[in-house]
Amino acid sequence: MIPYGRQEVKDRDIEAVVEVLKSDFLTQGPTVPRFEEFIARRVEAEHAVAVNSATSALHIACLALELGPGDVLWTVPNTFVASANSALYCGASVDFVDIDPRTGNMDVEALRSKLIDADRVGPVPKVIVPVHFAGQPTEQELIWELAQHYGFKILEDASHAIGASRQGEAVGNCRWSDIVVFSFHPVKIITTGEGGMALTNDPVLAERMATLRLHGITRDPELFVHAPSPDRSLPPWYYEQQMLGYNYRMTDIHAALGTSQLRRLDEYVTRRNALARRYDELLEELPVQVPLVLPRNRSAFHLYVVHLVDASPDRHQMVFEELRALGIGVNVHYIPVHLQPYYRRFGFRAGQFPVAEAHSTSAMSLPLFASLTDGQQDQVVSSLKQVLED
Ligand SMILES: *Cc1c(COP(=O)(O)O)cnc(C)c1O
């Protein structure tokens, strides 16, 4: 089976991990802050907080943005459940904005009109989570403009998009948002095994997230709120838990793998783009719509998603099953989150977000990863041709 995505681990990655295993620190050593610094520098953000997954990063980001009971977070239905779950972890509720059929990203016009309605009858969202679907940057500057008017915070879920850029600026620089999150799960662009990172240009948010990652504990004397005895100096072992945090640490083992992988980020994104262009050409004659990249965007091409043209949901499923039977590991991104049983019980139902729903019954992610060979890609295309011509 040619999978839809897979990691590439090279000897130098393994050596980097082994080096940490032989060192004094497995977790919380010098490698995590160095990895944070490398990523922050790479995307030109000021602060980075590494954690054990993007899901954890989304959670502490929402907490840092003070999302809580009574608040609402909006995201898109066309995403992995974690983008929405992060609000529920905080006791907030979730609503969705439909997607732009061209990109699968949040439809800015749909967002604008939903905000106008919410402004009239409420509730206005506290946090909005745009998702850079398949690695294509969202129209982030437009969402930012709306945030200036309506006062919501922006948390970009860039799990797919490390290495992508818009108008020459790296996704992750936080120019048009409060916090950006990356995932280092093995199917993503670069991996740490499991891992994620939250980036921000706001030192207060960075500090809060760093504390939330570590049980809510701080050891920085400047941040202490309660001195144990005012007439004595602080004992050297003193620390304070000031909020309810978690153990969301990334380990040095993971960070060493990530640091080593990061060196190949450009190479990976270049290869993914080359493979995407090659798919575009090879699929020209087939009844599929190839992904559109907006003119000012460079996608990281985490996914290569085609749409079957004029195909019923039944045909979509048949094509999927036949490709799998031929050893082509296609996938569907995504089942709309609002249609998950857990979300239906909040009252969501089919028909509410028609573009995302239609997307989910025509979209097919073809295998795309940096080490995919031209030969494997040819095999994917000829299998697709065979199945579609049936
Ligand atoms: C992968 C992914 C996540 C979760 O990432 P983990 O690192 O596995 O927790 C969140 N959002 C999106 C859009 C993703 O693709």
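Model, not experiment: these values are computed from the prediction.

Participant: How should I be thinking about the nonpolar core in this particular structure?
Facilitator: Residues Leu111, Phe152, Leu155 and Ile179 are the most contacted members of the largest nonpolar core, which totals 52 residues. The leading source of residues in this core is helix α3 (residues 54–64), at 7 residues. Leu155 has contacts with Leu58, Ala61, Cys62, Leu65, Val127, Ile128, Val129, Pro130, Ile179 and Val181, leaving out every residue within four places of it along the chain. Core analysis: the second largest hydrophobic core is formed by 29 residues, Ala40, Val43, Ala50 and Ile189 among them.

Participant: Would you take a moment to explain the environment of Ser260 for this structure?
Facilitator: Note on placement: Ser260 falls in helix α8 (residues 252–262). The buried category is assigned to Ser260, whose relative accessible area is 2%. Sequence separation of Ser260 and Thr192 is 68 residues, and the distance between their C-alpha atoms is 9.3 Å. Not counting chain neighbours up to four residues away, the residues in contact with Ser260 comprise Arg12, Asp13 and Ala16.

Participant: Any chance you could explain the site of the ligand here in plain terms?
Facilitator: Not every one of the 16 residues close to the ligand is listed here, only the nearest: Thr55, Asp157, His160, Ser183 and Lys188. Between an oxygen atom of the ligand and a side-chain N or O atom of His160, the distance comes to 2.7 Å. Going through the elements one at a time, α3 and α4 (82–89) are the ones with two or more residues in the shell around the ligand. Class assignment for the residues of the shell around the ligand results in 5 nonpolar, 9 polar and 2 charged.

Participant: Is there a simple way to explain the state of the cysteines in this structure?
Facilitator: Here a disulfide denotes one covalent bond, and it connects the sulfur atoms of two cysteines. Counting across every chain of the model gives 0 disulfides. Looking at the unpaired Cys62, the closest cysteine sulfur is the one in Cys90, lying at 4.9 Å.

Participant: Would you mind showing me how to read the pattern of salt bridges here?
Facilitator: A side chain of one charge can pair with a side chain of the opposite charge if their charged atoms are brought near each other. Under the counting rule described, the total for this entry stands at 17 salt bridges. Note that Lys126 and Asp71 form a salt bridge whose closest N and O atoms lie 3.5 Å from each other. Highlighted residues: Lys126 in the loop between α5 (108–121) and β4 (127–129) and Asp71 in the loop between α3 and β2 (72–75), separated in sequence by 55 residues. A salt bridge links Glu141 to Arg296, with the nearest nitrogen and oxygen atoms 4.0 Å apart. Highlighted residues: Glu141 in helix α6 (residues 140–150) and Arg296 in the loop between β12 (288–289) and β13 (297–298), separated in sequence by 155 residues. On the basis of relative accessible area, Glu141 is assigned to the buried category, the value being 13%. A residue is classified by how much of its surface remains accessible, and Arg296, at 46% relative accessible area, is partly exposed.

Participant: How should the packing of α5 against α6 be read in this particular structure?
Facilitator: When two helices pack together, their arrangement is given by the angle between their axes and by how far apart the axes lie. Contact geometry of α5 with α6 gives a least axis separation of 10 Å together with a crossing angle of 10°. Between α5 and α6, the crossing angle belongs to the class labelled roughly parallel. Residues Val108, Leu111, Arg112, Leu115, Ile116 and Asp119 of α5 touch α6, and the partners they reach there are Leu142, Ile143, Leu146 and Tyr150. For the contact of α5 with α6, the class distribution of residues is 8 nonpolar, no polar and 2 charged.

The rules we used
Residues numbered from 1 in each chain as written. Predicted model: local features only at pLDDT ≥ 70, side-chain atom pairs only at ≥ 80, totals over all residues. Heavy atoms only, no water. Core = buried A, V, L, I, M, F, W, Y, C linked by side-chain atoms within 4.5 Å. Buried < 20%, exposed > 50% of the residue type's maximum accessible area, 1.4 Å probe, protein only. Helix = DSSP H or I, 4+ residues; strand = E, 2+ residues; numbered from the N terminus. Contact = heavy atoms within 4.5 Å. Near = heavy atom within 4 Å. Polar contact = N/O pair within 3.5 Å; in protein donor to acceptor, adjacent residues only side chain to side chain. Nonpolar A, V, L, I, M, F, W, Y, C, P; charged D, E, K, R; others polar. Disulfide = S-S within 2.5 Å. Salt bridge = Lys/Arg side-chain N within 4 Å of Asp/Glu carboxyl O. Axes fitted to C-alpha atoms, helices over the stretch in contact; angles between N-to-C directions. Parallel < 35°, antiparallel > 145°, perpendicular 65-115°, else oblique.

Don't take any of this as a statement about function, it's just geometry.
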